[in-house]
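Now for the letters of each chain:
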Amino acid sequence: IAKSTYAYTGKALKPTVTVKYNGKKLRKNSDYTVSYKNNTKVGKATITVKGKGNYTGSKPKTFAIKIDTSKAYTVGNIKYKITSTSKKTAQVVGLKSAKKSTVTIPSTVKILGTSYKVTRIYAKAFQKNKYLKTLVIGANVQTIDGKAFYGCSKLSRICVKGKVLKSVGANALRGTKSKVRVEVPRKYYSKYKKLFTKKGQTKIQFVKK
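Residues numbered from 1 in each chain as written. Predicted model: local features only at pLDDT ≥ 70, side-chain atom pairs only at ≥ 80, totals over all residues. Heavy atoms only, no water.

**Q** Quick rundown of the overall build of the protein? Include the residues and the values.
**A** When helices and strands are counted, the protein shows 1 helix and 18 strands. The C-alpha atoms of the protein give 25 Å as radius of gyration, which overshoots the globular expectation for 209 residues (17 Å, by more than 25%). Viewed in the frame of its principal axes, the protein has a C-alpha envelope of about 80 × 30 × 25 Å. Counting only residues that meet the buried cut, the protein has 38% of its 209 residues in that class. (Helix = DSSP H or I, 4+ residues; strand = E, 2+ residues; numbered from the N terminus. Rg over C-alpha atoms; globule rule 2.2 N^0.38 Å. Buried < 20%, exposed > 50% of the residue type's maximum accessible area, 1.4 Å probe, protein only.)

Put into structure tokens, the structure is as follows:
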């Protein structure tokens, strides 16, 4: 097999094989057949080569199917990267099209047939977006990285729906519209006010929802 690991696609993976006997390269379907097992889902897949014609016996070979966590997946207008396949979490890394005035970050996103909690807005994810005015942050976002909204000059309203936000990075709001409005859950008003204060903005208006 060319590789021992292949990226999960949601479809059956059938890597090509090279089969040799005593240094001689054998011919598929004439000298051997190939079958695959467990070759769709994430995990360990098996290829079995079985002799044919002048050749007998069989030989199994395994390969791994894994999620490509380095790849950005676009769902709707938002780009995501998977942060953990075991915990099933993902982060927002950007937009397909920046020309949207309102963006809603969902609590969960389905990528390649699997649901992931959206727990993070990555650094510079919306940097210098000149169209974004309103941002709604879903219930599972725990982290907003530094400069996440840096230079979003028209961003005037941020609505935080969740109760699990733990950190807002440095300069996350630098360059946003003057007196940006941040709407937060009433019960977490004091906590969230501390998180969003002094993150690069000149003025901020906190509203309990």
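**Q** Tell me about the environment of T18, residues and numbers included.
**A** With respect to the helices and strands, the residue T18 is situated in the loop between β1 (5-7) and β2 (20-21). C-alpha separation for the pair T18 and T62, spaced 44 residues apart in sequence, amounts to 14 Å.

**Q** Residues and numbers for the packing of aromatic side chains, please.
**A** On inspection of all chains with the given rule, the structure shows 5 aromatic pairs. Between Y21 and Y55 the ring centres are 5.7 Å apart and the planes differ by 70°, which places this aromatic pair in the edge-to-face class. Separated by 34 residues along the polypeptide, Y21 in strand β2 and Y55 in the loop between β5 (43-51) and β6 (58-66) bring together distant segments of the chain. Using a relative accessible area of 18% as the deciding quantity, one classes Y55 as buried. Over the ring of Y189 we find K208; its NZ or CZ atom is 4.8 Å from the centre of that ring. (Phe/Tyr/Trp six-rings, centres within 6.5 Å; stacked < 30°, edge-to-face > 60°. Lys NZ or Arg CZ within 6 Å of the ring centre and 35° of its normal.)

**Q** How would you explain the sheet that holds strand β13 (residues 134-137) if you had to name every residue and give the values?
**A** Pairing within the open sheet is parallel, and its 5 strands lie in the order β10-β13-β15-β17-β18. With partners counted over all chains shown, the strands left at the sheet margins are β10 (102-105) and β18 (204-208), one partner each. Within this sheet the neighbouring strands show an average axis-to-axis angle of 15°, counted without direction. Sheet topology note: the β13/strand β15 (residues 157-160) ladder contains 4 bridges and is parallel. Its bridge partner lying in β15, L135 is registered against I158. (Pairing = 2+ DSSP bridges. Axes fitted to C-alpha atoms, helices over the stretch in contact; angles between N-to-C directions.)

**Q** Lay out the sheet that holds β6 in plain terms, naming residues and giving numbers.
**A** Pairing between the strands of a sheet is mediated by backbone hydrogen bonds and can be parallel or antiparallel. Taken in spatial order, the 4 strands of this open sheet run β1-β6-β5-β4, and their pairing is mixed. The outermost strands of the open sheet, each flanked by one partner alone, are β1 and β4 (32-37). Recorded for the sheet is a direction-independent mean angle of 30° between the axes of neighbouring strands. Pairing geometry for β4 and β5, over 6 bridges, is antiparallel. Residue pairing in the sheet places S35 in a bridge with T48 of β5.

**Q** Can you tell me about the nonpolar core, naming the residues and giving the values?
**A** With 52 residues, the main nonpolar core has I105, I121, F126, I144, F149 and F196 as its most contacted residues. Those residues within four positions of I105 in sequence are excluded, and the remaining contacts are I78, V92, V118, I121, F126, L135, V136, I137, G138 and V141. (Core = buried A, V, L, I, M, F, W, Y, C linked by side-chain atoms within 4.5 Å. Contact = heavy atoms within 4.5 Å.)

**Q** Break down the pattern of salt bridges for me, with residues and values.
**A** Side chains that carry opposite charge are capable of pairing whenever their charged atoms lie near each other. Enumeration over the complete set of coordinates arrives at 4 salt bridges. In this structure, the salt-bridge partner of E183 is R181, at a minimum N-O distance of 2.7 Å. Among the charged side chains, a network of salt bridges with common partners joins R157, R181 and E183. (Salt bridge = Lys/Arg side-chain N within 4 Å of Asp/Glu carboxyl O.)

**Q** Give me the lowdown on helix α1 (residues 189-196), citing residues and values where you can.
**A** Within α1, burial applies to Y189, Y192, L195 and F196. With its buried residues spanning 125° around the axis, α1 presents them on a single face. Away from the buried face of α1 by more than 90 degrees, exposed residues S190 and K194 are located. For α1, the elements touching its buried residues are β14 (143-144), β15, β16 (167-168), β17 (180-184) and β18. (Arc of directions from axis to C-beta.)

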